[in-house]
Structures are given as C-alpha cells and as structure tokens.
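One letter stands for each residue in the lines below.
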Number of protein chains: 4
Amino acid sequence: MKKDKRPFEVTKNKGGCFMTKVRVGVAGYGTIGQRLADGVAMQEDMELVGVVDFAPTLAIRALYEKGMPYDLYMAEGAERSSFEEIGIPVKGTINDLIDKVDIMLDASPAGVGAKNKELYIKEGIKAIFQGGEKNEVADVFFHGYANYEKGIGKDYLKLTSCNTTGLIRAADCLDRAFGVDNIAITIIRRVADPGDYHRGLTDALRIDKAPSHQAVDLMTIMPHIRATGILVHTPVTYGHIITCVVHGKSKIEKKSALAEFEKHPRIRVVTTDEGFLGNASFFKYGRDLGHCRGDNYEIGLWADSIVEIGDDIMFAINIPQEAVTIPETIDGIRAAMNMQLNMEDATSLTNKYLGIGRFKGMFKKGKC
Amino acid sequence: MKKDKRPFEVTKNKGGCFMTKVRVGVAGYGTIGQRLADGVAMQEDMELVGVVDFAPTLAIRALYEKGMPYDLYMAEGAERSSFEEIGIPVKGTINDLIDKVDIMLDASPAGVGAKNKELYIKEGIKAIFQGGEKNEVADVFFHGYANYEKGIGKDYLKLTSCNTTGLIRAADCLDRAFGVDNIAITIIRRVADPGDYHRGLTDALRIDKAPSHQAVDLMTIMPHIRATGILVHTPVTYGHIITCVVHGKSKIEKKSALAEFEKHPRIRVVTTDEGFLGNASFFKYGRDLGHCRGDNYEIGLWADSIVEIGDDIMFAINIPQEAVTIPETIDGIRAAMNMQLNMEDATSLTNKYLGIGRFKGMFKKGKC
Amino acid sequence: MKKDKRPFEVTKNKGGCFMTKVRVGVAGYGTIGQRLADGVAMQEDMELVGVVDFAPTLAIRALYEKGMPYDLYMAEGAERSSFEEIGIPVKGTINDLIDKVDIMLDASPAGVGAKNKELYIKEGIKAIFQGGEKNEVADVFFHGYANYEKGIGKDYLKLTSCNTTGLIRAADCLDRAFGVDNIAITIIRRVADPGDYHRGLTDALRIDKAPSHQAVDLMTIMPHIRATGILVHTPVTYGHIITCVVHGKSKIEKKSALAEFEKHPRIRVVTTDEGFLGNASFFKYGRDLGHCRGDNYEIGLWADSIVEIGDDIMFAINIPQEAVTIPETIDGIRAAMNMQLNMEDATSLTNKYLGIGRFKGMFKKGKC
Amino acid sequence: MKKDKRPFEVTKNKGGCFMTKVRVGVAGYGTIGQRLADGVAMQEDMELVGVVDFAPTLAIRALYEKGMPYDLYMAEGAERSSFEEIGIPVKGTINDLIDKVDIMLDASPAGVGAKNKELYIKEGIKAIFQGGEKNEVADVFFHGYANYEKGIGKDYLKLTSCNTTGLIRAADCLDRAFGVDNIAITIIRRVADPGDYHRGLTDALRIDKAPSHQAVDLMTIMPHIRATGILVHTPVTYGHIITCVVHGKSKIEKKSALAEFEKHPRIRVVTTDEGFLGNASFFKYGRDLGHCRGDNYEIGLWADSIVEIGDDIMFAINIPQEAVTIPETIDGIRAAMNMQLNMEDATSLTNKYLGIGRFKGMFKKGKC
C-alpha cells in the first residue's frame, strides 16, 4: 500500500554507511506543533523539512520575525494572500511538504489530523498523531517507554495526551522495578495554556465524570494494570499536578520508589524545600534555565509528597503540558521509522539530543 | 475549678420542666464567627447572647446596618471609640459577655483563642475552639458524628477544620456501614474565601509536604483508621474538593456506598448531569436557594465520581469551607453542655433547627 | 395593534380607587431572570405571575427545593417530561403565562427575546428586554434615571447592560448637578458570574477594540454627552470596576461631586479605609447584610478614588453585575405601564420596595 | 569622596584607543536581577563581573545547572555552606564583587539596596537602584528616554518602576512630538510574576487610593506634565495594561499619535486582529520568538485601542513587568559612567545590543 519513497531502512544507523537523516514535517504549528518542530530540529539524525499552518497566527508571525528558520507550508483551504500580504513567505502546500518527508507529526486541531491522514496514505508516508485525535486514527496508541516495541515499523502512531504521557512515565518506572497492579489517580488539571484566549475557567473547580480518560488510556497502553481516576479542572496555566495511589504486586516502599524515580531521565525529583512549591515553580525554572520557550521536557516528582498507606504508595507529579509529549513523539519517529529497535536505545538518543537528564541527581542534599 | 454559674444540668431538655436555653457567646465575628452566631440563633434551645470583635470590620458594619440583631462586645485591646465614632453601639467587653453565657464559641484569629481561654477558665465557662487553634487548647478534638460521646460534659472542645470536618462526615458514613481500614485523600483546596484580600494565589497550584494535616487529624478523631494524603492549593474561593480512595474492611461497592451517602443528612448527593459541575455550582445553588449568606451546611458528593478500583472505592466530595463546621460546632454545644447524651439525638436536633436534610433524595431520577 | 387585555390605565395608582396590581411574567430564569422575579415580587403594586424556562437548570431545581414560590411555565420547545420526571410541577407554556400578564420581563438568552417578542405582539402585551438583545427589539433603549420619560407608555423597552446601567447612574448624577460634556471610561470587566462554567478566562487580561459598546450606549441614552472607552476583561467573578474621566461643562470639584454621589440612592459611597478594598468586598458585604442571594442593587463609588486632573474629574465605581439592572428594569415597568409619570416618583417607589438607600450616609466618619 | 578606581573616562568609546569595558555587578538575583545580568552580558561595551544573592533560590540553582555563566558572590549574612553543600561554587562576598566593578545594579529586596549603598559609598563605586527603593537612595530618579541627561556622571540613580517605565516611554513619545499637558491613567496591574508564591490575589480586583504612585512618579520625572491615576490590581501574572487619557498642548490625532508610536524602538504597535488579544498574547509571543526567558523589552501598544474624545486622546499599553526596566537601567549605566552624552546615542546602543526594534513596522498591513 505504501509507496517506498526511498530505501530508508538500508542506510540508517549503520557505522561506516552513508547516513540519511529522516525527513520530518509538522502539521499544525500551535502549542504542540511548534515544540515538535523545535525538538525534531535538535535531533542530529532527523531533518525538519517544514511546518504547516492555516493562518498567520502569532506563532507563525514569530516564526517570520525569527527569520523563517523553518519553511512554511499552507494547510488545505488556507489563503496564500493572508500570509503574503504581511510579507510571510509560503513555500508550498501541505501536499508539497508531504512529498518531501518520510513522516509527518500531526498536531493539527482535533479532527483535522484524521482528515490529513488521507493525504498521508495517498502519498505513502507515515505519521504520528497527537492526543486530540481519536485512537482509531492510528495503528498503535504509543508511549516511548511503556510500549515502544509496538510502534516499531508501524505506519500510524497516536501519542498519549500530555497528562497520560507523564503519568505513564511514572507508572512504567514503578512497574518495571516492582510490578504494579492498580493505580488510582487524581488529576488536578490546568485548563488553558499561557496565552490561551479560546478557553478558560474563572474561580471554579470543574469535575468530570469518573473514570477520567487518562486512567482508561493508561490501561490501553499498559493492559496488565487496572487504573481509575477523577479529574478536576483548575484555573491555572502552568502545568497539571497528578496524585497517584499505587498498589504494587508487593508493597512498594518510599525509599526504593524514590531511588527508581531518581534514575529515570525524564523524571525530575525535587522537594518543596528546594523551592519547587508547585506547578508554577517548574515553569519559572524552565525559563530561568534558558530553555527554548522556557520549556521542560521532564515531569516533576516531589520527593516530599511520597507517603505510604496500607500496602499502597502515594505521590504527586507535575506535568508540563506544553512540552511533555515532545520526547515520546520523537521516540515514536524512531520506532515508526525503524531507527532503533529497542526502547533503551531510542529513548537514550532522544534524551541526548534534547538535553534531557544531563543534570540528574544534582540537588540530592536536603532531599527527604 | 469551674464555678457553677447556674445549675444547667437540672433544667435541660426535660419535658414538663422549666426549660432554660443554653446561653452562647461568639468570639471573633469573621467568616466563621458570623455563621456560628447565625447558626446558634436558629437553635430553639439556645440563646445567642452576643458577639465579640476587635474593630469595625465590614462584618461588623453589616451587623450594624442590619440593626444590631446581635449585641456587640469588644475584644481585649479594642478601642471603643473606633466603633462609636461611626455610631455602632458597644454593649461591653468580652468579660461582660463571658459573665452572661454558659459557653463561648471561639472563632478568633489563630492563637487568640488560646489567650481567651484564660478568661474562660477564670470565669468558669466552657468553650469550643475552631480548627485554627492548636489541639492542646482543648480537652477533646471533636467531630459531631465521629466522636460525639467524647465531647459530652467536657469543658473545652476543638472542632476539626473545614476540610477535616467534611472529610470525616464521609469517612464516618462509610465506616459505620462497612468498616474502613485506610483512606488516601487528595485535597484540592481553595486558598481564600470570597472577599479575602489578605491571602491569595494567582495562576499557581501549590503543594504541601505530605501527609496533609487533615489526614493526620482524621486519625486523631478516628484512631482505628489509617489515613494519608496530599494537599494542593488552587486559586479559587468557592469551596474545596477532596478525592478519597477508601479501603474498607471488606470491598465496598459503589451501589451500597451511594445508598449510605444518600441517607446521610449532611451529605448532598448530586451529579454533573443535574448541573453540579464543580465547587462553584454548589456556591451558586446555596445563593439560589435563598440561604442566609448563600451558605451550604452539607458537603456535596458526586454520585458520578464514584468508581471502584481493585478492593478500593474512590469518590469526590465538595466542602463549603465557610459554613461546613457550623453544624458540628453546634453539636459540640449539645455535647459539652450535656444537652443530648448521644450522637443521633444531638445531630438530629442541630439538623432540624438548621434546616438540614429536609430535601434528601429529591432529585433521584437521572442519577447514575 | 395591541389588544387591550384589561383597562389597566383606569385603575392604577388612584387613591380611593380599586387598585389593580400590574401582572408581570419573567422569561428566562437565569442569573438576571431570577433576580427580576425576586425584585418584582417585592413590589407591592406588582404581581409576579410566573417564570419561564427551558430546562431543569440549577436555578429551577432551587426554585423547586424552595417550594415553588413562583409558578413555572415552559419555554417554546421545552420538554415537559424533563421537569416532571424529577417532580417539578409545570403550570403551562409561555403562551399560557403571556395570557395572564400585562408585561413580560424577557431575560432569555441573547436572541431568544427577539423571537419571544412575536408572541408578545400577538397577545398584545408589553415587554422589557435585557442588554443581550439588539437595540432594534425595542421602541426605547431605556435607563430608569437618564431617560425615564422616553419609556412612558411604550410597548417595548430594552434595558442597558449591567456596566452601562451602573455607569449611567454615575454619569447622570453628575450631569444633572453640573452638566457633563465628555466621558472617557476604562472598564475592568469581570468575565463570568459566580458559578459560571460556560465562559471564563484564566490568568489573562483581554482587551476589546475601542470604543467599548458601553460608551457608545451611553451616548445613545444621553445624546448630549460624548463618550469613549476601553474595555479590558479580567479573570474575576465578583463585579466590574469602571474608572471614569469626566469633563464637565465647568470644572467639577471633588468635594461637590462627592456630595452629589452621596445623595444618590443607588450609589453607595465607600472608602478603602472602611474595608471596601475592591469588587469582592462589595460581594462579601451583600452576603453579610443577609440580602437575598447576597445581592447588591447599588453601585459602589470609592470616595478615595476621586481625583482632579486639569479640568477633569476622575473616579472609580463598582458594578455588581448580577443585580444592578434590576431596579432600572422595574422602573421600566412603571414607565411602560404608565404607573408613574416622572422619574422621581418611579425610582423612589422602586427603591422603597427594594430597600435601596435606607442606609445612605451612615458611615460618613473617616471618609476622605 | 569616591575613590577613583580606574581612569574610566580616558579610555571609553574612543576609536583607536584601548577600549576598557565597564565592569558591572548585580546585587539580588531575583526576577529583575537575573534579567539585568543577562542584559548587561549582551552589551559589548560592558562586562558582567558577577551576581550577588543570599540563598540557593531556584534562580541560583538554575544558574548552577547552566554551568555558572556568571560568578556568584554572597550577600551579607548569607551562609556559604547553604550553597556549597549542594555543590554551588561561591566566588566571594558582595565586598569582593564591589572591589572588582565600576558600578552595581542593585535589585535586592526593597530596603536592602539602601543598606548596600553604604558598601558602595565606602568602596567608591556607583550604583543604580530599582523602583522598590525609596527615592532618597539616589541622586536622580531616572528614565532612559525622559531625563537621560540628568543621569550623566551621577553616582546613584534610581530607576522608575516597571509600570512607570513603560508609561513614561509612551508619554515621552507623545510629549516630544506634540507636547503633553495632562495624563489620566488607569493601571490594570498584574499582582504576581509567573512562579510567585509569596503574593497573590484570587478572584478579586483590588483598588488603591488615588492618585497612584505611578502618576506621581511620572510628574517627578516629567515635571512639566500633570498626571493622576487609579490603580486596580487584578489576579494575573502576564503583564500590566494601562489606559491613558492624554491632553496635549494641542489636539493629538489618532493617526499622528500612531505614527509616533510606530517610530519608537521600545514600543511595539500591534492590533487585536493580528492576535494580540491581551497581556498573555505578548507573553506567549516572547516565548515563541525564542527570547531568553521568553522576555519582551518593548511595551505593547494596541493601535485599535486609540480613540479620540473631546480634545483628548486615549489608548492602552501593555507592560511586560519582568523585563521592561532592563533597557532603561542599562541606559542608566551609560549615563552614570559617562559612556554616552546624550539620550539618542545611549538608547540606540542599548537597543542594538539587546536586539530591540529590529523588527519595527513589519506587520503594518491590516492595522487599523
């Protein structure tokens, strides 16, 4: 079905061979799409060919003001004049971009990805969709750590949502070390991203019907675990916090759990005594670190939130909603394109190029 | 030690006897104090003699504008002129009030209650303190349902805080019906009351070190249960939400838990389909009901938040922080003053006079 | 065109005559509709016949829980079973209600009022629409103080919006005393009402294109004044604040402006020293006063915000968005139904029945 | 009084001469101090020698995690061990830093700067204080555009606060072009910075007594203008918005005002149609531009907010509170150190090194 655009498998990752970079396009240059583009551009074995959008949004204007580091292609139905009359150069249409890439990362608004998929199929390229699309859009519902192997060589992956991606990191970390039976989560969700004007909540907590979709999604990715949860929306923009009550195959003690979390490259263990007082501290810290857009790829985990209760262990994690799915999506490229054949190699390479985990265990002292 | 100001025990609650109302004073006419005064004034077997405050706050100005339904007494160190120069009549000092009452409800700022206690001891009257005081201030750390008997005849009680009061209602409800071993809670806490300008949080979640004091307090009141929890502050004013993961002595099923919750007079079972979308819905509903100050005495419990996980049951409750401790405090008067000798009688009478539970089970249809 | 349902004009307000109360219906039992119903029910010369709504909202459920103080009629397209299956009695349809009333207050969602108007025309009754409808729906765009005379005897009035209603009170107050040429306003707007879940804003100020519609509306009501303004939405629920820079026909001094504001029954002059620190203080104060739903009908005006600049005077007012239009709407009934023939008599009677202005000038001392 | 640490005047800025960079230290590595350090480090004619702080805050931890691009010196009273036990190298004390620099930028907590000044006097170095200190701390209350000449060669400058700095940019811009007599401002103030946990406001607007200090400060800097204003705090973190009603010496028309604003390098003229919907849009845009910490140095000015009223002109500006004072502070270094002798040269050089104004006038089309 899929036309072979170039013999990618032959040349990849072989020492001494001519190395071809995987060519990647990004559809939808919004909050996630911008960060996918930046993340791919940092991968030495990938090439960001271009990005697609529909209108000269602030993100596109910023791209232009930066001097067009990425070529811009128009989404279907976009008006070329809307860009050109303010001087923004358009390289072509989404079809032109598809023609030049091996894989598309689709971060279009929910539902558009499913429509774009028809174009991808037609041109025989692979694609990775974000959490807003329905599961049916993809062959595999994917997470870089928890089910990397299932994504290898597949044509269409769908990433878990931001909360689910971060949650699974922590769950998978414990599951590999101790075995996990059940998880009960409480998601304290941010309702909007910084700069969002199309959604919001003012002085109100909003509860969804239980169980939350994140718990259900976790079970889809990790079918040997039972999970449930309650989600409460809160009027903040700087990140989600999730509390987890985990029932292990045997009792998981705080000390050994903490040791596992600290080893995980995409989990940053912190304490309130260090100054990480909540979600906004992580946001501030990412900016102070000089990260691009002030982003954090790691989830946070408060060492001083870990408590034992009965046979269970409870703890809280912080989810930086804007950037958390970027590493796992790039893992997905490695899987779908057969670039690495196991999780350890794939995630290590992603981490290396994104600069994740360089600083593990630096602020040990003073931790509980 | 305690001087017998009048032979209260002889006259109380005896049919055919001359009935003397218990005389009650309230120290601290803030958010809680105002509501305690209103609540006592609704009890037919109690008399609100007066309230104490330090300065002409908005609450005191409103009292005046309403025509002084309650007499005002000055706290220690207050300046009479600060009231009188704007026309607000002062009946006397806190000592004058103490002289006229059988029991004081102390809702002064944290720490002031402990100082006031010296006055209460000196005059030989009883007192009930609010959650802001340290446990040592009281003989018994009290909850109207969970340990009513411990408060009977005692001189000094301390009420559980708002979150703990509401949480224990739900925990005690399940514990009586099924037996409870462990509880793991996540408190999604409002940081300020409506109209608060002395505290606040803007676009930030703040996490406290675990375990939260509410879990610890629950174990003090209900020592046969193990509890832990994580507390996250959120920038809202309309009420707390708590999620609970409860491990019963045997498996507690959703259906039977729901049945117990629905029988409890101080728990209002609702659904999101009815329109109770979050904490702000309860606040709005209390206003629409025409309640005084728009208050709710009941905690809310979302029927559609109840889920089972492994051997545990999980659900979410809503805590109306301004008024939730009022019924249990009034229960405390009944206990301390020997007005009723068991929980059922005491709480029933409090509920009756406060108008709690009149409407149980009205919106059954459409519930999950 | 209009069928004469009863000879109302003959019997109104005549001493010695048999007095017929004006019969009023309310369409739309939301935030405004509930308060219109409550306000009309307080008028001794009016009778609230019933209210109309479409579905068993929280407001309707609260009406039921209160024992149906007002009869409920169904809006067009509503399903009777949605009410009856939870026990809420339905008296009839909107047409049944129209048949029984002299005038409808239409607080339906924006656009529905215009459709309802066809029913009103058909049955020959009058109506007053709220600010959400387009101006064309009405014969007169109405404000109780600023253009009462224009509403007398008219069939269809439209009230100014909440911000405009409050703004015009202050503008009209100065205009009558001193003459006003220009007004430049900055509206610091609340984005949602307490309990709103269908709109909101999180950690963001949002600016609208200038001039704001409120300034334009002011010029429609008071065509001899030039007005402009900028509106900024803020993530709060407890009320709007508007700053006004007013250029009078001659220089308006702070002292004389203050004296006029203090005389106005629907303006409450306060200071920050008294404890009115912002919009939330007014909200709290209304609750502490024991007002129904905690509402305030008066706008607030900070005496310590008044400053002079060049030939202009500047000051800030507080707009309680939920209830501020109620008095002027009831004035509108008096105008449309020919109940009073001048502004002073009409507003005085409305104020009397609503309990407005009883406390004017009480906290004089300490004001700047 | 001041010891001549090196003959700076001889060597500065002379073509062909040996060029000595001005050596700068920063005291207080908080929100402002971090940005001052970054800003100075970008100036090719300055050298950032080091920064001072008291404790291993998140900002200091981030500095460490970045590899100590700036040397760290300890504030008076700091404990060396608190840094060293977590591995953060300390270069010396504040006295050691003072010994190495020509000028200190003091962004310490309010009041600490005045104490530090004694050290600066003792060592004979110059200093620039931020808005939190009292005016008496400095010889000149300084703004880079409005009174640059007054700062030349002075020892101690104090910068205007963030709101005042931005406001004066706009006021000075109009004043130079048209002459300004009066300004009436409404400040819609953000209450906390992103990541702040020590202050906040929840669902409340708070009003200060008028006139606001910003209006008073403007008159100190620009004594030929009369200014007043009202300040309202709002629960947001992403920036202030100020509306200005300006009375010029002659009528200022929208078109000509806009032309002046567009020429100003530190004012970015935008429209809501472009997507700049409020303060949060600017914050997002700075991040999307890839600016360090996502900061903006420019104030925003909405072209579609400009309206004329009577003889006045009204408009709204956006103030990025974290970074707005950086350029004017760096201008202050140029003035105090005699590096440039007029405003145009000084501000141009600052702008050049900070990358300000490169993109002026890019999105002209579609503007109102």
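Reading the values: the criteria
- The numbering scheme is per chain: residues are counted from 1 as the chain's sequence reads.
- Think of it this way: whatever chain is written first is A, whatever ligand is written first is 1, and the rest follow in order.
- Given that this is a predicted model, residues contribute local features only at a pLDDT of at least 70 and side-chain atom pairs are listed and counted only at 80 or more, while totals for whole chains, interfaces and linings are drawn from all residues.
- Note that water and hydrogens are dropped before the side-chain values are worked out from all heavy atoms of the structure.
- UniProt positions are given in the numbering used here, feature names are shortened, and annotations may be inferred rather than shown by experiment.
- Each helix is a run of H or I in the DSSP string that is no shorter than four residues. Each strand is a run of E no shorter than two, and both are numbered from the N terminus.
- In this description, contact between two residues means that some pair of their heavy atoms is separated by no more than 4.5 Å.
- The copies were overlaid with a least-squares fit restricted to C-alpha atoms from residues scoring a pLDDT of at least 70 in each copy.
- What counts as buried area is the accessible surface, traced by a 1.4 Å probe, that two parts surrender upon association, with contributions from both included.
- Salt bridges are identified by distance alone: a Lys or Arg side-chain nitrogen within 4 Å of an Asp or Glu carboxyl oxygen.
- Residues adjacent in sequence count toward polar contacts only when both atoms are side-chain atoms; beyond that, a polar contact is any pair of N or O atoms within 3.5 Å, and within protein one must be able to donate a hydrogen and the other to accept it.
- Note on exposure labels: buried denotes an accessible area under 20% of the residue type's maximum, exposed denotes more than 50%, and partly exposed covers the range between, all computed with a 1.4 Å probe on protein chains only.
- Residues scored as charged are limited to Lys and Arg (positive) and Asp and Glu (negative), so that His and the chain ends carry no count.
- Two strands are counted as paired when DSSP detects at least two bridges linking them.
- An automatic or database domain assignment is the source of the domain bounds shown.
- Throughout this entry, Asp, Glu, Lys and Arg are counted as charged residues, while Ala, Val, Leu, Ile, Met, Phe, Trp, Tyr, Cys and Pro are counted as nonpolar. The remaining residues, Gly among them, count as polar.

J.: Quick rundown of the UniProt feature "binding site: NAD(+)" (unreviewed entry) in chain A? Include the residues and the values.
T.: Residue and element names in this part refer to chain A. According to UniProt, the feature "binding site: NAD(+)" (unreviewed entry) maps to Asp53 in the numbering used here. With respect to the helices and strands, Asp53 occurs in strand β2 (residues 46–53). Aside from chain neighbours lying at most four places away, what touches Asp53 is Gly28, Tyr29, Gly30, Ile60, Leu72, Tyr73, Met74, Ala75, Ala78 and Phe83.

J.: Got a sec to walk through the relation of the copies chain B and chain D? Specific residues and values, please.
T.: Rotating chain B by 180 degrees and moving it 0.0 Å along the rotation axis overlays it on chain D with an RMSD of 0.0 Å. Within this description, the copies of the chain are treated as partners about a two-fold rotation axis. Among all residues of chain B, the minimum C-alpha distance to the rotation axis is found for B:Gly200, at 2.3 Å. Both copies contact each other with a shared surface, as 100% of the interface residues of chain B are interface residues in chain D too.

J.: Report on the interface of chain B and chain D, specifying residues and quantitative values.
T.: Of the residues lining the interface, 14 residues belong to chain B; the matching set on chain D comes to 14 residues. Between chain B and chain D the total buried area reaches about 1,100 Å² when both faces are included, carbon and sulfur atoms providing 52% of it. Taken together, chain B and chain D are joined by 0 salt bridges. Applying the counting rule to chain B against chain D returns 4 residue pairs in polar contact (both at pLDDT 80 or more).

J.: Tell me about the side chain of C:Asp217, and please be specific about residues and values.
T.: Residues and elements named next belong to chain C. In this fold, Asp217 is placed in helix α9 (residues 213–221). Despite its burial, Asp217 remains without a salt bridge, the nearest opposite charge being carried by Lys158 at 5.6 Å. Ignoring sequence-local partners within four residues, the contact set of Asp217 consists of Phe141 and Thr164.

J.: Report on unusual backbone geometry, specifying residues and quantitative values.
T.: Glycine aside, residues mostly have negative phi, and peptide bonds are mostly found in the trans state. Residue and element names in this part refer to chain A. Here the amide bond leading from Ala210 into Pro211 is cis, since omega sits at 0 degrees, within 30 degrees of zero. Along the chain, Pro211 falls in the loop between β10 (206–207) and α9 (213–221). In this structure, Asp203 takes a positive phi of about 45 degrees despite not being glycine. Mapped onto the fold, Asp203 is located in the loop between β9 (180–190) and β10.

J.: Tell me about the sheet that holds strand β4 (residues 92–93) of chain D, and please be specific about residues and values.
T.: All names here are of chain D. Sheet architecture is open: 8 strands sit in the order β4-β3-β2-β1-β5-β6-β8-β7, paired in parallel fashion. The open sheet is flanked by β4 and β7 (140–142), the only strands paired with a single partner. By the bridge criterion, 2 bridges tie strand β3 (residues 72–74) to β4 in an arrangement that is parallel. Across the sheet, the residue bridging to Met74 is Thr93, located in β4.

J.: Explain the domain arrangement of chain A to me, and be specific about the residues and the numbers.
T.: All names here are of chain A. Looking at chain A, the domain boundaries give domain 1 (22–160 + 325–354) and domain 2 (162–324). Summarising the inter-unit geometry, the C-alpha centres of domain 1 and domain 2 are found 25 Å apart. Taken together, the contact pairs 27 residues of domain 1 with 23 residues of domain 2. Where domain 1 abuts domain 2, roughly 2,000 Å² becomes buried across the two surfaces, and 52% of that area is made up of carbon and sulfur atoms. Three residues stand out in domain 1 for area buried against domain 2, namely Arg35, Tyr145 and Thr325, and they jointly supply 28% of the buried area on that side. Taken together, domain 1 and domain 2 are joined by 6 salt bridges. The partner of Asp38 in a salt bridge is Arg293, with the nearest N and O atoms 2.7 Å apart. Counting every contact that joins domain 1 to domain 2 gives 13 residue pairs in polar contact (both at pLDDT 80 or more). For the side of domain 1 that touches domain 2, the secondary-structure elements that each account for two or more residues are α2 (31–41), β7 (140–142), α12 (325–336) and α13 (343–354).

J.: Tell me about the UniProt feature "active site" (unreviewed entry) in chain A, and please be specific about residues and values.
T.: Residues and elements named next belong to chain A. In this structure's numbering, the residues bearing the UniProt feature "active site" (unreviewed entry) are Cys162. By the element assignment, Cys162 lies in helix α8 (residues 162–178). Look at Cys162 and you get buried, because its relative accessible area is 17%. Ignoring sequence-local partners within four residues, the contact set of Cys162 consists of His240, Ile319, Gln321, Val324 and Thr325.

J.: Before we move on, can you summarise the interface of chain B and chain A with the specific residues and values?
T.: Each partner contributes to the interface: chain B provides 46 residues, whereas chain A provides 46 residues. Summing both sides of the interface, chain B and chain A together bury roughly 3,600 Å²; the carbon and sulfur share of this comes to 71%. For chain B, the biggest contributors to the area lost against chain A are B:Asp203, B:Leu205 and B:Ile207; these three give 19% of the whole. Remark: the boundary between chain B and chain A carries 2 salt bridges. Between B:Lys209 and A:Asp273 there is a salt bridge, with the nearest N and O atoms lying 3.1 Å from each other. The interface formed by chain B and chain A includes 12 residue pairs in polar contact (both at pLDDT 80 or more). Sorting the residues of the side of chain B that touches chain A by element identifies β9 (180–190), β10 (206–207), β11 (226–234), β12 (240–248), α11 (279–288), β15 (307–309) and β16 (312–319) of chain B as the ones contributing at least two each. The leading source of residues in the side of chain B that touches chain A is β11(B), at 7 residues. In terms of residue class, the side of chain B that touches chain A is made up of 25 nonpolar, 13 polar and 8 charged.

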